[in-house]
Amino acid sequence: MIKIQQNTLHGEAAARIREMINDGSLLPGIRIPEKQLCEQFGISRTPLREALKVLASEGMVELLPNRGARVMRLTRQMLEETYSVMGALEGLSGELACRYITEQEVADIQALHYQMLAYYKRKEIRPYFELNHRIHDAIMVASRNEVLRETHSSLNYRIQRVRYSTRMVGDYWDQAVADHEAIIDCLLARDGERLGRILREHLRHKLVVAAESGVIDDERTAG
């Protein structure tokens, strides 16, 4: 593993641990192996612990008094509450994007969509998710509202491991692609009201996938 450069220690450490949580290398509820990660990253405990504080502020890890940190468990209630807020934010982003988006931005999103479809047809889920994320972010950018984008981004960190889960069920993957086809149609027509509805519903599908694929905890066992 490549060593982390000195000038970006805690930021890059946070990014790497975030990625490990999202890809399932660090599972919900387990203790963060601080000594092991320090050796892997080539850093001391101080920047690693600063990184864990960043991740705690994002809701991805839980700091334990005098006992290190562990990966935050996700419960249905937590996800329902988070998705409720994010759905409102994404719906608003769609409405605003249709008001302000340029022809070039629509063309760029279309190009990403076609690339994403190619990965979908080949069942290459990781590159599919990367383009999926870029499309949603491009819509956020087109909303021309930085506060909206920053608020959405901070919430997205805590549920990203569910939103872009590799345990995607086949039927729901098909539905997600159908939603994206409709998203493109709305952008082309500048139909903000319909796009807002689609984006909110699109997010609700993710909660169903999470519940059925076992990536969230039952509240009774998540203590």
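Nothing here was measured: the structure is a model prediction, and the numbers come from that model. (Residues numbered from 1 in each chain as written. Predicted model: local features only at pLDDT ≥ 70, side-chain atom pairs only at ≥ 80, totals over all residues. Heavy atoms only, no water.)

Visitor: Go over helix H5 (residues 103–121) with me, naming the residues and quoting the values.
Guide: Compared with an ideal rise of 1.5 Å per residue, which puts 19 residues at 27 Å, H5 spans 27 Å between its outermost C-alpha atoms and is within 8% of the ideal. Among the residues trailing H5, Lys123 stands out with phi positive, at a value near 60°. (Helix = DSSP H or I, 4+ residues; strand = E, 2+ residues; numbered from the N terminus. Expected span 1.5 Å × (residues − 1).)

Visitor: Pulling in residues and values, what's your account of the nonpolar core?
Guide: Nonpolar side chains tend toward joint burial in soluble globular proteins. Core analysis: the largest hydrophobic core is formed by 27 residues, its most contacted members being Ile109, Tyr128, Ile139, Ile183, Leu187 and Leu195. Among the elements that line this core, the one with the most residues is helix H8 (residues 170–189), at eight residues. When residues no more than four places from it in sequence are discounted, the contact partners of Ile139 are Ser93, Gly94, Ala97, Ile109, Ile183, Leu187 and Leu199. Leu9, Ala13, Leu26 and Met60 belong to the second largest nonpolar core, which has 20 residues in total. (Core = buried A, V, L, I, M, F, W, Y, C linked by side-chain atoms within 4.5 Å. Buried < 20%, exposed > 50% of the residue type's maximum accessible area, 1.4 Å probe, protein only. Contact = heavy atoms within 4.5 Å.)

Visitor: Residues and numbers for the confidence of the model for the protein, please.
Guide: Predicted coordinates in areas of low pLDDT are best not read in detail. Considering every residue of the protein, the mean pLDDT works out to 88; 87% of them sit at 70 or more. Looking at the elements of the protein, mean pLDDT is at its lowest for helix H9 (residues 192–213), recorded as 83, and at its highest for H5, recorded as 97. (pLDDT = per-residue confidence, 0-100.)

Visitor: I'd love a proper account of the packing of aromatic side chains, names of residues and values included.
Guide: Within the structure shown, the criterion is met by three aromatic pairs. Between Tyr128 and Phe129 the ring centres are 5.6 Å apart and the planes differ by 65°, which places this aromatic pair in the edge-to-face class. No difference in accessibility class separates Tyr128 from Phe129, as the two residues are buried. Each ring, one from Tyr128 and one from Trp173, has its centre 5.2 Å from the other, and the planes form 70°; the classification is edge-to-face. Here Tyr128 is found in helix H6 (residues 125–142), whereas its partner Trp173 is found in helix H8, with 45 residues between them in sequence. Judged by relative accessible area, which is 0%, Tyr128 ranks as buried. Lying over the aromatic face of Tyr157, Arg18 brings its terminal NZ or CZ to 4.3 Å of the ring centre. Across the ring face of Trp173, the terminal group of Lys123 is positioned such that the distance to the ring centre comes to 5.0 Å. (Phe/Tyr/Trp six-rings, centres within 6.5 Å; stacked < 30°, edge-to-face > 60°. Lys NZ or Arg CZ within 6 Å of the ring centre and 35° of its normal.)

Visitor: Explain unusual backbone geometry to me, and be specific about the residues and the numbers.
Guide: In the Ramachandran plot, Lys123 falls in the positive-phi region, its phi being about 60° despite a non-glycine side chain. Within the secondary structure, Lys123 is located in the loop between H5 and H6.

Visitor: I'd like a description of the pairing of strand S2 (residues 68–71), backed by residues and values.
Guide: Where burial is concerned, the two faces of S2 differ: the one with Ala69 and Val71 is buried and the one with Gly68 and Arg70 is not. Relative to S2, strand S1 (residues 61–64) runs antiparallel, the two being bridged by four bridges. Each residue of the ladder has a partner; that of Leu63, found in S2, is Ala69. The hairpin turn running from S1 into S2, its antiparallel successor, is three residues long, and Asn66 in that turn takes a positive phi close to 60°. (Pairing = 2+ DSSP bridges.)

Visitor: Can you explain the pattern of salt bridges? Please cite residues and give values.
Guide: Scanning the entire structure with this criterion turns up 14 salt bridges. With a closest N to O distance of 4.0 Å, Glu34 and Arg45 form a salt bridge. With Glu34 in helix H2 (residues 34–41) and Arg45 in helix H3 (residues 45–57), the pair connects residues that are eleven residues apart, well separated along the chain. Judged by its relative accessible area of 9%, Glu34 is buried. For Arg200, the salt bridge goes to Glu95, with nearest N and O atoms at 3.8 Å. With Arg200 in helix H9 and Glu95 in helix H4 (residues 76–100), this residue pair connects regions lying 105 residues apart in the sequence. What makes Arg200 partly exposed here is its relative accessible area of 26%. (Salt bridge = Lys/Arg side-chain N within 4 Å of Asp/Glu carboxyl O.)

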